[in-house]
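Coordinates in review
Here is what each chain is made of, one letter per residue.
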Amino acid sequence: MRGDRREGGRFERDGRRPRQNERRNDVAYQNYSSTDEYVSPNGNEPTIPAGVSSQELDRDAMRALATLSGPNRDIVARHLVMAGQLIDLDPEAAYQHAQAAVSRAGRVDVVREAAALTAYASGRYEEALREVRAVRRMRGDDSLRAVEADAERGLGHPEKAVEIIDATDSTTLDLAEQVELVLVSSGARADLGQSDVGLVIVDDALAVLPESADDELRRRLMEVKAERLTELGRVDEAEAVIAEMPAEVEDTEIVDVALFQDADVDDKRSPLRGCKNALAEEYDCALLDLDGTAWSGDERIEHAASSVIEARTMGMASAFVTNNAMRTPQQVADKLNSMDFEATPEMVMTSAMDIAAIMAEELDEGAKVFVLGGPGLRQALEEQGFELVDSADDEPAAVVQGLDKEVNWTLLSEGAFAIERGAAFYASNLDATLPVERGQALGNGSLVRAIQHATRKRPTAGGKPEPGIYRRASQLVGATNPMAVGDRLETDIMGAVAAGVPAMHVLTGVHQARAVLRAPRGQRPTYLALDMRGMLEAHPAPKHHRDGTWTCGLSQVAKVTRGGTLTLDDIELTDAVTISIDSYRALAAAAWEWSDGSGNPVTCPEITVVDNDDPAGIVAEPEALAVDTAADEDFAVAEAADELPEPSEETPAFLPGEEELEALLEATADMDDEA
């Protein structure tokens, strides 16, 4: 595309990538987002790859789709996301996605805008004109004037392009769109043989361009100025303009491997996401797990409290979400404060509170409840207005079971009796194990199984991984755009995925890197971090390359062999290994892709993850064993000696100069015989 034509857009109205909290803070937004692969049942739409989410669409565009039904809105939004991602890389594919969106939602302006931009980018200028004018009728403004004018140029009508631009009130447009109009206008004048007029247009624009304007805008104007000067035969002046142009974003003096890696990046996505800003700036609340994330038993976890406090200064509230139903919110806050988290009971959401809320939705107000659990569960039920009873003979409407380390056969049997008589069965959570200093102790789920086995009744469960606890925790602190942080895949991460909440996994608790790389669908985190400092950092997005490899940030090149073995820079990871955090992220993308295709987890050794700046995280081929050259030389001499002929009578037994030694040995030979 010529430099005096406008560049492809992403149909984001303000011309910038949206921040995620801007999308999710819209009160009209309702999440129907899916990241599974979408294949049209009629085969009349392009496939949407797994990992592409409607949440990537900007806030204004998502609001424009609000009139659509939930599932249809999700599919249309994901087609628009694909069109935006492909418009510069593969305009034809982008056009197909936009057309799929039009077939579903042709009366929505942002959909027709996508159709206009992709038609223009793929050279369908007549269609682009029709779509631009449709958008303008819908909006009643001067949308896409530069696209309309340049499409006329593409059809060989530069005079019409000039008319369109002259009729446009540029003061109503933002600076970038004004520059686009100037570029198209200058090109149209050149098409009409009026390069001198085109030069004046660009010169005038440069004269009034604000000093604070983006260098890229200035560079493009100067580039077109040089074209006009060259057309007028003023080559020396054109070369002078080129020499004064601001440098492009890429510094050609520095060889950046990432630039070469990105040259073959395709559009395949991963459940692992990137974030250009610190997560604490993107999300309004962190839903924080406790054991393994905030603390380890009674021990502090390094960086945990300080990271939470710093995240609050960046606008990220804290909510502590735990499956422990024994403690009251005050008791949880007290323990947190002993470790400097500056928590209040109002920040704490327990599985006891979650199941009590569920029961309040399903049972009559003031209903009798038989409780198997500690103070935390009893308090939560009382706050919901239930009457607590101690016997099945009191005819309770429900039995609820939370972890109680003092539970015994009598209490379990009493609960079973009540359930046999018709009481509903509830459980605060179904965790099979509870991490303690000595190992994995029995969790509430293991004790629940005893009653379940006896009664053949399965309980209604609260807590993680049920999604409700995340929604209630968000409501507790007034969050609209939360993210979860945890260490356990089958509870913390699985629950967040079920709730549609992005999740960051930390390596400070139960599940380590190997388990994450082998995680099944539904238990895969959105972000990976060493510890809670990950909330304060930007996260690079994994990139898939056309040769089937993955990279991420500063990572080595990750791939999985046909047999399911992980590799970094073609080095197979078969023994315990240390890798960098970005290589870990690249491996996760590669491992999950391979697992989805094969139906099996990858073969993976134990992996230690370190910061990117730690040289121990660079995986290299093992060094060859050192060769002992002196020993080799001795061996060679010995081999040569073996080839020598046997000595004859003429062969001297001694070297020259050793005659005296020979004589002495002959004189003493008899003494040896006597001895």
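Everything discussed here concerns the structure shown above.
Read on for a plain summary of the structure. The model shown is predicted, which means the values in this text are computed figures rather than measured ones.

Reading the values: rules and limits
Residues numbered from 1 in each chain as written. Predicted model: local features only at pLDDT ≥ 70, side-chain atom pairs only at ≥ 80, totals over all residues. Heavy atoms only, no water. Helix = DSSP H or I, 4+ residues; strand = E, 2+ residues; numbered from the N terminus. Buried < 20%, exposed > 50% of the residue type's maximum accessible area, 1.4 Å probe, protein only. Contact = heavy atoms within 4.5 Å. Areas by Shrake-Rupley, 256 points an atom, 1.4 Å probe, with all protein chains shown as cover. Core = buried A, V, L, I, M, F, W, Y, C linked by side-chain atoms within 4.5 Å. Phe/Tyr/Trp six-rings, centres within 6.5 Å; stacked < 30°, edge-to-face > 60°. Lys NZ or Arg CZ within 6 Å of the ring centre and 35° of its normal. Salt bridge = Lys/Arg side-chain N within 4 Å of Asp/Glu carboxyl O. Pairing = 2+ DSSP bridges. Axes fitted to C-alpha atoms, helices over the stretch in contact; angles between N-to-C directions. Parallel < 35°, antiparallel > 145°, perpendicular 65-115°, else oblique. Left-handed = near helix turned anticlockwise from the far one by under 90°. Nonpolar A, V, L, I, M, F, W, Y, C, P; charged D, E, K, R; others polar. Patch = residues over 30% accessible without salt bridge, like charges linked within 9 Å, V, L, I, M, F, W, Y side chains within 5 Å. Lys, Arg positive; Asp, Glu negative; His and termini not counted. Charge placed at Lys NZ, Arg CZ, Asp CG, Glu CD.

For the rest of this paragraph, the subject is the overall build of the protein. Looking only at helices and strands, one finds 27 helices and 22 strands in the protein. Put simply, the protein has 675 residues, and 49% of those count as buried. A separation threshold of at least 6 residues defines the contact pool for the protein, and within that pool the share at least 24 residues apart is 70%. When the accessible surface of the protein is summed, it comes to about 33000 Å², and 49% of that surface belongs to carbon and sulfur atoms.

One finds M359, L381 and Y584 to be the most contacted residues of the largest nonpolar core, which totals 68 residues. Here this core takes 10 residues from helix α24 (residues 581-598), the largest share from any one element. Discounting chain neighbours no more than four positions away, the residues touching L381 are A356, M359, V369, V371, F386, L388 and V400. Counting 39 residues, the second-largest nonpolar core is a separate cluster that includes Y38, I48, V52 and V132.

Let us now look at the packing of aromatic side chains. Applying the stated criterion across every chain, the model contains 3 aromatic pairs. On the basis of an interplanar angle of 70 degrees and a centroid distance of 6.2 Å, the ring pair of Y283 and Y527 is categorised as edge-to-face. In this pair, Y283 sits in the loop between α14 (279-282) and β1 (285-288) while Y527 sits in strand β15 (residues 527-529), placing the two residues 244 residues apart along the sequence. Residue Y283 shares its accessibility class with Y527, and that shared class is buried. Their ring planes at 85 degrees and their centres at 5.9 Å tell us that F320 and F341 sit as a pair that is edge-to-face. Taken together, the residues span a long stretch of sequence, with F320 in strand β4 (residues 317-322) and F341 in the loop between α16 (329-337) and β5 (348-350) at a distance of 21 residues. You'll find F320 and F341 in the same group, each marked buried. In this structure, R124 is placed above the aromatic ring of Y95, and the distance from its NZ or CZ to the ring centre is 3.7 Å.

We now examine the pattern of salt bridges. One pass over the full model with this rule turns up 34 salt bridges. Here R145 and E148 are joined by a salt bridge, their closest N and O atoms 3.4 Å apart. You can see R145 and its partner E148 sitting in helix α7 (residues 145-154), 3 residues apart, about one turn around the helix. Here R145 matches E148 in class, with each residue buried. Beyond isolated ion pairs, a larger network of salt bridges with shared partners links R133, R136, R145, E148 and E152.

Where strand β8 (residues 398-401) meets strand β9 (residues 424-427), 4 bridges bridge the pair, whose relative direction is parallel. Opposite A398, over in β9, you have A424 as the bridge partner.

Our next topic: the packing of helix α19 (residues 409-420) against helix α20 (residues 444-455). Contact geometry of α19 with α20 gives a least axis separation of 10 Å together with a crossing angle of 40 degrees. By the angle between their axes, α19 is oblique relative to α20. Crossing geometry of α19 relative to α20 is assigned as right-handed. For the pair α19 and α20, the contacting residues are L412, A416, I419 and E420 in the first and L447, I451 and T455 in the second. Among the residues forming the contact of α19 with α20, the class breakdown is 5 nonpolar, 1 polar and 1 charged.

Here we take up the environment of P520. You can see P520 is positioned in the loop between α23 (513-517) and β15. Exposure remark for P520: the relative accessible area of 41% places this residue in the partly exposed category. Between the C-alpha atoms of P520 and E490, which are 30 residues apart in sequence, the distance is 9.7 Å.

Pairing is parallel across the open sheet formed by 5 strands, whose spatial order is β7-β6-β8-β9-β12. The sheet is open, and its two edges are formed by β7 (387-389) and β12 (460-461), each paired on a single side.

So, on to the sheet that holds β15. If you trace the 6 strands from one edge of the open sheet to the other, you get β5-β4-β1-β13-β14-β15, paired in parallel fashion. Strand pairing shows two members of the sheet lacking a second neighbour, β5 and β15, which therefore form its edges. Ignoring which end each strand starts from, the neighbouring axes of this sheet average 25 degrees apart. Along the sheet, helix α22 (residues 489-499) contacts β13 (482-486) and β14 (503-506); its crossing angle with β14, the most-contacted strand, is approximately 160 degrees.

Together, E387, D390, D394 and E395 make up a region of like negative charge exposed at the surface. As for its placement among the helices and strands, D390 is situated in the loop between β7 and β8.

Bringing the packing of helix α11 (residues 215-231) against helix α12 (residues 235-244) into the picture now. Axis separation between α11 and α12 bottoms out at 8 Å; the angle between their running directions is 170 degrees. As summarised for this structure, α11 and α12 are arranged roughly antiparallel, according to the angle between their axes. Contact residues: α11 offers M222, K225, A226, L229 and T230, while α12 offers E237, A238, V241, I242 and E244. Classifying every residue of the contact of α11 with α12 gives 6 nonpolar, 1 polar and 3 charged.

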